[in-house]
Structure formats: structure tokens, C-alpha cells
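Each chain, written out:
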Amino acid sequence: MTISRPPQRTAVITGVGAERGIGRATAHRFARDGWAIVGLDLDGDAAEKLAAELTERYGVPAFGAAVDVADEASVLAVRDAVAAANLPTVGAVLNIAGITSPVPFLDTTVELWNRIFAVNVTGTYLVTKAFLPDMIAGGYGRVLNMSSVSAQQGGGVFGKTPYSSAKAAVLGFTKALARELGPTGITVNALTPGAVDTDIRVHGTTPEIEEAIVKSIPLGRQASVDDVTSLFAFLASEEAGYLTGTTQNVNGGSYFS
Ligand SMILES: NC(=O)c1ccc[n+]([C@@H]2O[C@H](COP(=O)([O-])OP(=O)(O)OC[C@H]3O[C@@H](n4cnc5c(N)ncnc54)[C@H](O)[C@@H]3O)[C@@H](O)[C@H]2O)c1
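Residues numbered from 1 in each chain as written. Predicted model: local features only at pLDDT ≥ 70, side-chain atom pairs only at ≥ 80, totals over all residues. Heavy atoms only, no water.

Quick notes on the overall build of the chain
Secondary structure summary: the chain contains 8 helices and 7 strands in total. Relative to its length of 257 residues, the chain is compact, with a C-alpha radius of gyration of 17 Å against a globular reference of 18 Å. If one aligns the C-alpha atoms of the chain with their principal axes, the spans along those axes are about 50 × 40 × 40 Å. Residues counted as buried form 50% of the 257 residues belonging to the chain. If you take every contact in the chain between residues at least 6 apart in sequence, the share linking residues at least 24 apart comes to 77%. If you sum the accessible surface of the chain, you get close to 11500 Å²; carbon and sulfur atoms cover 55% of it. Between the centroid of the 19 positive side chains of the chain and the centroid of its 25 negative side chains there is a distance of 6 Å. (Helix = DSSP H or I, 4+ residues; strand = E, 2+ residues; numbered from the N terminus. Rg over C-alpha atoms; globule rule 2.2 N^0.38 Å. Buried < 20%, exposed > 50% of the residue type's maximum accessible area, 1.4 Å probe, protein only. Contact = heavy atoms within 4.5 Å. Areas by Shrake-Rupley, 256 points an atom, 1.4 Å probe, with all protein chains shown as cover. Lys, Arg positive; Asp, Glu negative; His and termini not counted. Charge placed at Lys NZ, Arg CZ, Asp CG, Glu CD.)

Okay, structure coming up:
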């Protein structure tokens, strides 16, 4: 399928720091498709290096910076830095930064619970809110939120109660904001991947658990990051303009809704 591209706009992507992560792969995919990129991560050095690499490899404007998506002052400072960087208008916000909760329920603390919610849920709220005015002003916008199949059926690994709860909150956020933004034409959608082959999965798993997860997937394998980035690319495109409030089950068939 050929996916047509909008005029050059900027995609703001969080969670780009991990070498094998979904955020970084998404930044590459969007830069390859011609988007200008703002790449944000707790690891600012990694984000800055990535931006330089994207400009060199794909010839697109790119800006990388440190951010803690859970911290409003940090997000607002980055928003101001992006405004000063003179990039094309923001056309997409991809809330990919996330952390998991690899401890059994009775060992969780309220600090862990709050941090899981702060990064996965509050971070999604803060980054979306910071860049939404640019998208409204530019007349084009795609908000893409990273949830998880854990939100729909609990986690495949122990310790997923805070994570599954937070990722379920991301789905509620997605649906409510999709309704509210409908009249603007800005769409809001969520992805609920199953197992994706990245380093986040090393927390609290074992080869036996991983084998059981793969056996439960009709397509018989974990997702590659490309399975996820290609869906993001479509959802950010003009062709996806009639999809909003949806939950995209990119999970190899492990859960049908
Ligand atoms: N890998 C999977 O199996 C899977 C499945 C479903 C959903 N997800 C979700 O996809 C997203 C990406 O996962 P991944 O596998 O690439 O994880 P990853 O751990 O490889 O990468 C996550 C990135 O987010 C960054 N980050 C963490 N906290 C941050 C904060 N407070 N502010 C800014 N950046 C922060 C990290 O530095 C890291 O670069 C997460 O939201 C995750 O929950 C992953």
C-alpha cells in the first residue's frame, strides 16, 4: 500500500533514547517518510545524537532534547525550546515513553505505583497538552498514544498491575480526547501492542515466560518494532483521517476485541 505524505510537518516523539526501543525506530521511520522530528527522552544525550543522525541520514530537520515527560516544568521547557528551533509546524505527537512495573503486587509501593502512572499517563497528558495548540493552529494533528495489550487482558508477566492500570488509563484518555477534539479534525488513537522485541521486556521475564507468550500468539512470534512503526506511520497520515478514538490491536492475534 502506498501511503501519501502530508506536507512536511514535525512529529514530536517521546521515548527515543533506547537503542532497540520503539520510540527510536519510530523516529527513523517518520524521518524516512519526510517528517521533521523532535525526539525526546530522559536520556538527552541519546536524543541529541539521534537528531543529528536523522538529519544526516534522511536530510530532515531534527531536534533532540532531554525531558522527563512526568514533570510539567520539564515538558514546558522543551516545548519552548522546540518553538525557538524554528521547525515545521507540529503535526503529530507520539506518546511512546513508558516504564513497566516488574515486581509482584504485594511488593509494590505507592511510590512505584505513582511513578508508573506519572510516566505512562501524566506524561501522555502533559506532552499532548503542550503541543496541541500548535496542531490546532496548523490545522492538522495526530495524537498517537502507546497503551498495551496489558490494559485489555492484564500482563503476561508478573507485576503488571500498576502498568496494566496505567495503560488502561491511556485508553480512557484517548477516547475522551478524541471526542473533544473531533470538531478540530485532530485525531487521537492508541496502540495496544502485545510483546514487542525490545529491552523493556527483560524486566521480570524468563525464557519460559517468553516461550509461553509466543505460544499464545496466533501469528507465532513477537512483534518487531517495524510492525508497530508502520501502524504509527499510517495513523499519522492523511489517509487515516477518519479514524479516531480507536484502539489498534497490533498483537499478532493474541487478543481480539
Ligand atoms: N516492548 C513491548 O513489548 C511493549 C508492548 C506494549 C507496549 N509497550 C510500550 O511501548 C513504549 C515503548 O516501549 P519500549 O519497549 O520501546 O521501551 P524501552 O524501555 O526500550 O524504551 C522506553 C524509552 O522511554 C524513555 N523514558 C522512560 N521514562 C521516561 C520519562 N519519564 N521521560 C522521558 N522518557 C522516558 C526511556 O529512557 C527509554 O528510552 C512504552 O510505553 C511501553 O510501555 C511496549
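Here's the deal with the sheet that holds strand E2 (residues 36-41)
Strand order in the open sheet made by the 7 strands is E3-E2-E1-E4-E5-E6-E7, with parallel pairing throughout. At either margin of the open sheet sits one strand with a lone partner, and together these are strand E3 (62-66) and strand E7 (247-248). The sheet contact formed by strand E1 (residues 10-14) and E2 spans 5 bridges and is parallel. If you follow Val-12 over to E2, its bridge partner there is Val-38. Seen against the sheet, helix H1 (residues 22-32) touches E1, E2, strand E4 (90-95) and strand E5 (142-146) and runs at an angle of roughly 170 degrees to E1. Each of E1, E4 and E5 touches helix H4 (residues 110-138); the most contacted strand, E4, lies at about 175 degrees to it. (Pairing = 2+ DSSP bridges. Axes fitted to C-alpha atoms, helices over the stretch in contact; angles between N-to-C directions.)

Digging into helix H2 (residues 44-58)
With 15 residues, H2 ought to run about 21 Å at 1.5 Å a step, and its terminal C-alpha atoms sit 21 Å apart, in line with that. Along H2, the residues that are buried comprise Gly-44, Ala-46, Ala-47, Leu-50, Ala-51 and Leu-54. One side of H2 carries all its buried residues, which in axial view fall inside an arc of 155 degrees. The exposed residues of H2 that point more than 90 degrees off its buried face are Asp-45, Lys-49 and Glu-56. Buried positions along H2 lie against H1, E2 and E3. Between the side-chain oxygen of the N-cap and the backbone nitrogen of Asp-45 there are 3.3 Å, and the N-cap of H2 in question is Asp-43. Looking at the residues trailing H2, positive phi occurs at Gly-59, about 70 degrees. (Expected span 1.5 Å × (residues − 1). Arc of directions from axis to C-beta. Polar contact = N/O pair within 3.5 Å; in protein donor to acceptor, adjacent residues only side chain to side chain.)

Observations concerning the side chain of Thr-187
With respect to the secondary-structure elements, Thr-187 resides in strand E6 (residues 187-191). One polar contact links Thr-187 to Arg-142, side chain to side chain, over a distance of 3.5 Å. Among residues more than four places away in sequence, those in contact with Thr-187 are Gly-141, Arg-142, Val-143, Gly-241, Leu-243 and Thr-244.

A closer look at the pattern of salt bridges
A complete count under the given rule lists 10 salt bridges for this structure. Here Asp-80 ties to Arg-79 by a salt bridge, and the two come within 3.2 Å at their closest N and O atoms. Residue classification places Arg-79 among the partly exposed residues on the basis of a relative accessible area of 29%. Through salt bridges with shared partners, a single network forms among Arg-20, Asp-197 and Asp-199. (Salt bridge = Lys/Arg side-chain N within 4 Å of Asp/Glu carboxyl O.)

Here's the deal with the site of the ligand
What surrounds the ligand is a group of 28 residues, the closest being Ile-22, Asp-41, Tyr-163, Val-196 and Thr-198. The backbone of Gly-17 places a nitrogen or oxygen atom 3.4 Å from an oxygen atom of the ligand. Contact between the ligand and Arg-115: a nitrogen atom at 3.5 Å from a side-chain N or O atom of the residue. Contact with the protein chains covers 92% of the free accessible surface of the ligand, which is 830 Å². Breaking the shell around the ligand down by element, the ones donating at least two residues are H4 and helix H6 (161-181). A class-by-class count of the residues in the shell around the ligand yields 15 nonpolar, 8 polar and 5 charged. (Near = heavy atom within 4 Å. Nonpolar A, V, L, I, M, F, W, Y, C, P; charged D, E, K, R; others polar.)

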